[in-house]
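The primary structure of each chain is shown beneath.
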Amino acid sequence: MYYETAEKLLTFIRKSPTAFHAVDTMKNILAEQGFQELSEKDYWKLVPGGQYMVTRNNSALIAFSIPENAPHRFHIMASHSDSPTFKIKENPEITVEKAYVKLNVEKYGGMLMSPWFDRPLSVAGRVVVSENGEIKEKLVDIDRDLLMIPSLAIHMNREVNSGYAYNPQKDLLPLYGTAGTEETFGKTIAEAAGVREEDILSHDLFLYSRTRGAVWGAEKEFVSAGRLDDLQCAFASMEGLLSGEKKKSIAVHCVMDNEEVGSGTKQGAASTFLKDTLLRINSGLGRTYEEYLMSLADSFMISADNAHALHPNYTDMTDPVNRPLLNKGIVIKYNANQKYCTDAVSAARFKDICTRAEVPFQTFVNRSDMAGGSTLGNISNTQVPVNTVDIGLPQLAMHSPYETAGVKDTYSLIKAAELFFE
Ligand code: CO
């Protein structure tokens, strides 16, 4: 069952090279399972027993299921759709000495840069086109090996292995083709989008690694792919939503965008997207604002974003006693400064969920001399104040375009999500 889950996860990731694609992939799966799509622009007609989904910016998605008896409390699981990458800039083509065409890109989020070199890359995202006088969004994925960021040979910088400060404007521009090529970048994008080049008004396009996901190791205990942070959690949350019984609370699967750049956008965790959606569910069920506040006080959120496992070559980077291991279960994340919003109450509730779901859990705290990362739980809490636990699945090489996790852990989180959504 672990392997089946891992293969399903890798398929999900392959179909989801950008946040836009992740939302589209989830929408297709949820629609097949009977979730009805709502628009923020329309009135919502909600009925007990109904299952719905809504997107914002086509890069964030909230799906929810209202049980027949329409309980008040919300059980929310939040994750994120974006990952660090490079965004294609405007007027991206740069011709080099009448020989090459390379693309101008800028960083999106805080990535490890060196793993982006010397591997096939491609481009995906959305274009906005003018079609019969209307402005429309179209998803694009140039589903072939298209770009490469070649390293400088060791002979030209003998010192590189002693540490190198990458300059994103100089070192990280991907090679696209030969100067004078008729297959301009605009033309390639237009063909992939199935539109005329002159109809493309604008774009949000990103690089992604073409390296296929893999299950590997002495006992096939590891799984590697791009975007495990945080599609592994988004996938587990969605699977838990689909298989859970969803009878005792309003189940909410929430996937936000822009976590990697601080969440401060209309579709990020700092936005009103979750709050607006919960308020509309509340009013859709004919309830007052006071009843909404009563519901929140009785609600619970799992903020699910991947965690750092103990690294085999850098064991000293992990806290002396809280040392998450791959395949040893869901990681509960703690931080005294509330970068993670886990407290004694929410940790206890989550441990109870894991125990009842019969899945292992472990704990993570940063070394006291390291700042560590942040995530979406505490940011979301400023809009939607519900008791929240920060958790994640243990992984290595976070923010590399090829990350590594344990093959068993996705299954554990699906089981916990399923019980949470019962
Ligand atoms: Co993350």
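Definitions and limits used
- Starting from 1, residues in each chain are numbered consecutively following that chain's sequence as written.
- In keeping with the predicted nature of the model, local features appear solely for residues at pLDDT of at least 70, side-chain atom pairs appear and are counted solely at 80 or more, and the whole-chain, interface and lining totals rest on all residues.
- The side-chain figures draw on all heavy atoms in the structure; neither hydrogens nor water molecules are used.
- Two strands make a pair as long as DSSP finds a minimum of two bridges between them.
- Note on conventions: DSSP H or I runs of at least 4 residues are helices, E runs of at least 2 residues are strands, and numbering of each starts at the N terminus.
- Lines fitted to the C-alpha atoms define the axes, with helices restricted to the stretch that makes contact. Angles between their N-to-C directions range from 0 to 180 degrees.
- The criterion used for residue contact is that any of the two residues' heavy atoms lie within 4.5 Å.
- Each residue's exposure class comes from its accessible area (1.4 Å probe, protein chains only) as a fraction of the maximum for that residue type: buried when under 20%, exposed when over 50%, partly exposed otherwise.
- Those domain boundaries reflect an automatic or database domain assignment.
- We define buried area as the total accessible area lost by two parts upon association, computed with a 1.4 Å probe and summed across both.
- Any Lys or Arg side-chain nitrogen found within 4 Å of a carboxyl oxygen on Asp or Glu counts as a salt bridge.
- All amino acids are sorted into three groups, where Ala, Val, Leu, Ile, Met, Phe, Trp, Tyr, Cys and Pro are nonpolar, Asp, Glu, Lys and Arg are charged, and the leftover types, Gly among them, are polar.
- In this description, the term disulfide denotes a pair of cysteine sulfurs within 2.5 Å.
- A crossing counts as left-handed when the near helix is turned anticlockwise from the far one by less than a right angle, and as right-handed when that turn is clockwise.
- Take the number of residues in a helix, subtract one, and multiply by 1.5 Å to get its expected span.
- Taking the helix axis as origin, the arc is that swept by the directions to the C-beta atoms.
- Note: metal donors comprise N, O and S atoms at 2.8 Å or less from the metal (3.2 Å for Na, K and Ca); water molecules are not included, so apparent gaps in a site are possible.

A word on the sheet that holds strand 4 (residues 74-80). In space, the nine strands of this open sheet follow the order 1-2-3-13-4-14-18-16-17, with mixed pairing throughout. Either end of the sheet is taken by a strand with one partner, and the two such strands are strand 1 (36-38) and strand 17 (361-365). Here the strands of the sheet are splayed against their neighbours by 25° on average, with no regard to which way each runs. Pairing analysis gives seven bridges linking strand 4 to strand 13 (residues 250-256), with the strands arranged parallel. Across the sheet, Ile 76 pairs through a bridge with Val 252, a residue of strand 13. Contacts from helix 2 (residues 19-32) reach strand 1, strand 2 (51-56), strand 3 (60-65) and strand 13 within the one sheet, and its direction differs from that of strand 3 by about 20°. Where helix 7 (residues 344-357) meets the sheet, it contacts strand 4, strand 14 (300-304), strand 16 (330-334), strand 17 and strand 18 (387-392), and its direction lies at approximately 60° from that of strand 18.

Next up on the list: the environment of Gly 262. Structurally, Gly 262 is set in the loop between strand 13 and helix 5 (273-284). On a C-alpha basis, the gap between Gly 262 and Ser 374 in space is 8.6 Å, while along the polypeptide they are 112 residues apart.

Let us now look at the environment of Ala 236. Tracing the chain through its elements places Ala 236 in helix 4 (residues 228-243). Exposure remark for Ala 236: the relative accessible area of 0% places this residue in the buried category. Taking C-alpha positions, Ala 236 is 8.7 Å from Ser 412, a pair spaced 176 residues apart along the chain. Those residues within four positions of Ala 236 in sequence are excluded, and the remaining contacts are Thr 410, Leu 413, Ile 414 and Ala 417.

Here the focus is the domain arrangement of the chain. When the parts come together, some accessible area is lost, and that loss is often what is quoted as the size of the interface. Partitioning the chain into domains gives domain 1 (2-83 + 226-420) and domain 2 (85-209). Here domain 1 and domain 2 have C-alpha centroids that lie 31 Å from each other. On the domain 2 side, the residues contacting the 19 residues of domain 1 number 20 residues. With both sides pooled, the region where domain 1 packs onto domain 2 buries about 1400 Å², and carbon together with sulfur makes up 63% of that total. For the interface between domain 1 and domain 2, the tally reads zero salt bridges. In terms of residue class, the side of domain 1 that touches domain 2 is built from seven nonpolar, eight polar and four charged.

In this section: the state of the cysteines. Applying the stated criterion across every chain, the model contains zero disulfides. Cys 254 forms no disulfide, and the closest cysteine sulfur to it belongs to Cys 341, at a distance of 13 Å. For Cys 254, a relative accessible area of 1% corresponds to the buried category. Looking at Cys 354, it has no disulfide partner, and the nearest cysteine sulfur is the one in Cys 233, 12 Å off. Owing to a relative accessible area of 0%, Cys 354 belongs among the buried residues under this scheme.

Right, let's talk about the pairing of strand 13 for a bit. The element strand 13 is largely enclosed, with a buried count of seven among its seven residues. Burial along strand 13 is two-sided: Ile 250, Val 252, Cys 254 and Met 256 facing one way and Ala 251, His 253 and Val 255 facing the other are all buried. The pairing of strand 3 with strand 13 spans five bridges and is classified as antiparallel. The residue of strand 13 that forms the bridge with Ala 63 is His 253.

Taking strand neighbours across the sheet as the criterion, the five strands line up as 11-12-20-19-15 in an open arrangement whose pairing is mixed. Edge positions in the sheet fall to strand 11 (214-216) and strand 15 (307-308), since each of these pairs with one other strand and no more. By the bridge criterion, two bridges tie strand 15 to strand 19 (residues 394-396) in an arrangement that is parallel. Bridge pairing in strand 19 links His 308 to Gln 395. Each of strand 11 and strand 12 (222-225) is contacted by helix 1 (residues 2-14), which is oriented at about 150° to strand 11, the strand it contacts most. Taken strand by strand, helix 4 contacts strand 12, strand 19 and strand 20 (403-406), and its axis lies near 35° from that of strand 20.

A word on the packing of helix 1 against helix 4. Any two packed helices are characterised by the angle at which their axes cross and by the distance between the axes. Direction vectors running N to C along helix 1 and helix 4 enclose 115°, while the axes themselves pass 10 Å from each other. Considering only the axes of helix 1 and helix 4, their crossing is right-handed. Facing helix 1, whose interface residues are Thr 5, Lys 8, Leu 9, Phe 12 and Ile 13, helix 4 presents Leu 228, Leu 231, Gln 232, Phe 235, Met 238 and Glu 239.

For the rest of this paragraph, the subject is helix 1. Along its 13 residues, helix 1 runs 18 Å from first to last C-alpha, staying within 8% of the 18 Å computed at 1.5 Å per residue. Here helix 1 has its buried residues at Thr 5, Ala 6, Leu 9, Leu 10, Phe 12 and Ile 13. The buried residues of helix 1 occupy an angular sector of 160° when the element is viewed end-on, so they sit on one face. Contacts made by the buried residues of helix 1 are with helix 2, strand 11, strand 12, helix 4 and helix 9 (409-420).

Angles between donor atoms at a metal ideally measure 109.5 degrees for a four-coordinate tetrahedral arrangement and either 90 or 180 degrees for a six-coordinate octahedral one. The coordination sphere of the cobalt ion, as far as protein atoms go, consists of His 80 (NE2), Asp 229 (OD), Asp 305 (OD) and Asp 305 (OD), spread over 1.9 to 2.8 Å. All donors to the cobalt ion come from one chain, and their sequence spacing reads H-x148-D-x75-D. Residue Asp 229 is found in helix 4, and its partner Asp 305 is found in the loop between strand 14 and strand 15; the two are separated by 76 residues along the sequence. The same class applies to Asp 229 and to Asp 305, which are both buried.

Time to look at the pairing of strand 12. In the sheet, strand 11 pairs with strand 12 via three bridges, with the strands oriented antiparallel. Residue pairing for strand 12: Ala 214 is matched across the bridge by Ser 224. Note that strand 12 and strand 20 share four bridges and pair antiparallel. Within strand 20, the position partnered with Ser 224 by the bridge is Thr 404.

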